[in-house]
Amino acid sequence: MIRDHLRKGSPRATVGPRLALLLGAVSAVLTAGCVGTSCPPVAAKAGVRQARFAPLRQTAATAKRRIGTALMSRHLENARLRSLVAAHFDSLTAENEMKWGATEPQPASFSFAAGDELVAFAAQNGMRMRGHTLVWHQQLADWAKDLPADELRPAMRRHIEALVGRWRGRIAQWDVVNEAITEDGKLRDSPFLRLGETYLDEAFRLAHAADPEARLFYNDCGIEAGEGNTKSDAVYRLCARMRQAGVPIHGIGMQMHVDPRHWPTAEQIRKNVERFAALGLLVEFTEMDIAVGEMPGSLPEKLQRQRAIAHDIVAACLHVDKCTGITLWGASDADSWLCTERWARLRGRGPHYPLAFDADLDPKPMYFGILDALAGR
Ligand code: G3I
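Criteria and thresholds
- Residues numbered from 1 in each chain as written.
- Predicted model: local features only at pLDDT ≥ 70, side-chain atom pairs only at ≥ 80, totals over all residues.
- Heavy atoms only, no water.
- Phe/Tyr/Trp six-rings, centres within 6.5 Å; stacked < 30°, edge-to-face > 60°.
- Lys NZ or Arg CZ within 6 Å of the ring centre and 35° of its normal.
- Near = heavy atom within 4 Å.
- Polar contact = N/O pair within 3.5 Å; in protein donor to acceptor, adjacent residues only side chain to side chain.
- Areas by Shrake-Rupley, 256 points an atom, 1.4 Å probe, with all protein chains shown as cover.
- 1 Å grid on protein atoms, 1.4 Å probe; cavity = no way out; pocket = protein on both sides within 12 Å on 5 of 7 lines; lining within 4 Å.
- Sits in = over half its atoms within 2 Å of the grid points.
- Nonpolar A, V, L, I, M, F, W, Y, C, P; charged D, E, K, R; others polar.
- Disulfide = S-S within 2.5 Å.
- Buried < 20%, exposed > 50% of the residue type's maximum accessible area, 1.4 Å probe, protein only.
- Core = buried A, V, L, I, M, F, W, Y, C linked by side-chain atoms within 4.5 Å.
- Helix = DSSP H or I, 4+ residues; strand = E, 2+ residues; numbered from the N terminus.
- Contact = heavy atoms within 4.5 Å.

> Residues and numbers for the packing of aromatic side chains, please.
Inspection of the entire model under this criterion finds 13 aromatic pairs. Judged by centre distance (4.7 Å) and plane angle (85 degrees), the ring pair of tyrosine 367 and phenylalanine 368 falls under edge-to-face. Aromatic rings pair up to connect Phe53, Phe89, Phe357, Tyr367 and Phe368 into one cluster. Sitting above the plane of the phenylalanine 217 ring, arginine 130 keeps its charged end 5.0 Å from the centroid. Positioned over the ring face of tyrosine 236 is arginine 275, at 4.6 Å from the centre of the ring.

Structure follows, in structure tokens:
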């Protein structure tokens, strides 16, 4: 309202310099909070011709990699988006609908319908399904947050058995535990830590018993930088310990949420992938997106930088045999968590245009960066 008033009239002329200054400041705050969260179409601005373009999944298959995206079931109502996803991606992750809060909102009362829809869509379109995520401190059902250890332990068992059992044989990979390590390399003080420091081992063993064929991943963000990075090193030690103890952990999920203000070099990422692979683990890039808001330059320049970063990330995966797939955290800018009022500010000033297809579902330079890297160019 204040902004409308400022736009229409000339308060500075009538209210005096001090009030005008105050109104100006309020307007600036409102603007900073609101502008820059949504991500309108950009492909044309970036000079991309609206022509036919190659399906990413075909090129990925030639490189023996999976290329994936994350969706919510409501996205499936959009017919154009369904076709785009089916054409380009051969791996699918449930963005929110397999999380604890969504699947077991009340104790022992399960809600599988949304997850079922995604699993069915994946099957219909020859896509591999990734399950996300069984044990996470966020989006955990309220009822589970304050349980004492002797109640949380059976609750965790029931939850894992129910979800992994429900989709046994249909979910190829599970993110069993998500984001259990903090930036300073400690086990996070999550409700699950009440079960003791080896709660991760328990979770992996339960998931393995429920579906011995599913490949089980530890998934985390901010672990891409590799040796010398506190969090990356802590996750490396955690995985090494679990492997040594015979815990059925099969892979590491590196999320790849790129914040250009703090991002490692391509060389660092490659070496990091190599060291986790050397533990005998599969590597997946599970949640890639690249926020451009804080990059310097014009929008076309930012989108070219985004293309180059995407290319480097995909090339790092192709460099190591055990890196089996790359998943983008969403299909188009229109549906990205980083284009919402709530989350955009995490990456500084937006808009962030974080994905490979714009809000009109046209390919952006980032799409061509991914395609080129998959093709080994
Ligand atoms: O479901 C409610 C809906 O009922 C309500 O009307 C609406 C109003 O805001 O909110 C809906 O919940 C939102 C939910 O996404 C589903 O859309 C939450 O507010 C929103 O906070 C939530 O954000 C998700 C976020 O995880 C929560 O932690 C993002 O979509 C999702 O992309 C994001 O994904 C995480 C990965 O799971 C783990 N790694 C980091 C990644 C990004 O944060």
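> I'd love a proper account of the site of the ligand, names of residues and values included.
The local shell around the ligand holds 17 residues, among which Glu95, Lys99, His132, Glu287 and Arg342 are the closest. Between the ligand and glutamate 287, the relevant distance is 2.7 Å, taken from a nitrogen atom to a side-chain nitrogen or oxygen of the residue. Coverage of the ligand by the protein amounts to 58% of the 790 Å² it exposes when considered alone. Because more than half of its atoms lie within 2 Å of the grid, the ligand is assigned to the largest pocket. The residue makeup of the shell around the ligand, split by class, is 5 nonpolar, 7 polar and 5 charged.

> Describe the state of the cysteines, listing the residues and the values that go with them.
Working definition: the covalent bond between the sulfur atoms of two cysteines is a disulfide. For the structure on display, the rule yields 2 disulfides. One disulfide in the model links cysteine 317 with cysteine 323; its S-S distance is 2.1 Å. Taking the sign of the S-S torsion, about -105 degrees here, the bridge from cysteine 317 to cysteine 323 comes out left-handed. Per residue, the accessibility class of cysteine 317 equals that of cysteine 323, and both read buried.

> Go over the nonpolar core with me, naming the residues and quoting the values.
Membership of the largest hydrophobic core comes to 107 residues, with the highest contact counts inside it found for Trp174, Val177, Tyr218, Ile252, Phe285, Met288 and Ile370. Sort the elements by how many residues they give to this core and helix H13 (residues 299–318) lands first, with 8 residues. Not counting residues within four places of it along the chain, the set of residues in contact with methionine 288 comprises Gln255, Met256, Ala310, Ile313, Val314, Ile326, Thr327, Leu328, Trp329, Leu355, Met366 and Ile370. Counting 5 residues, the second largest nonpolar core, distinct from the first, contains Ala291, Trp329, Trp337 and Leu338.

Distances and angles like these do not, on their own, reveal function.
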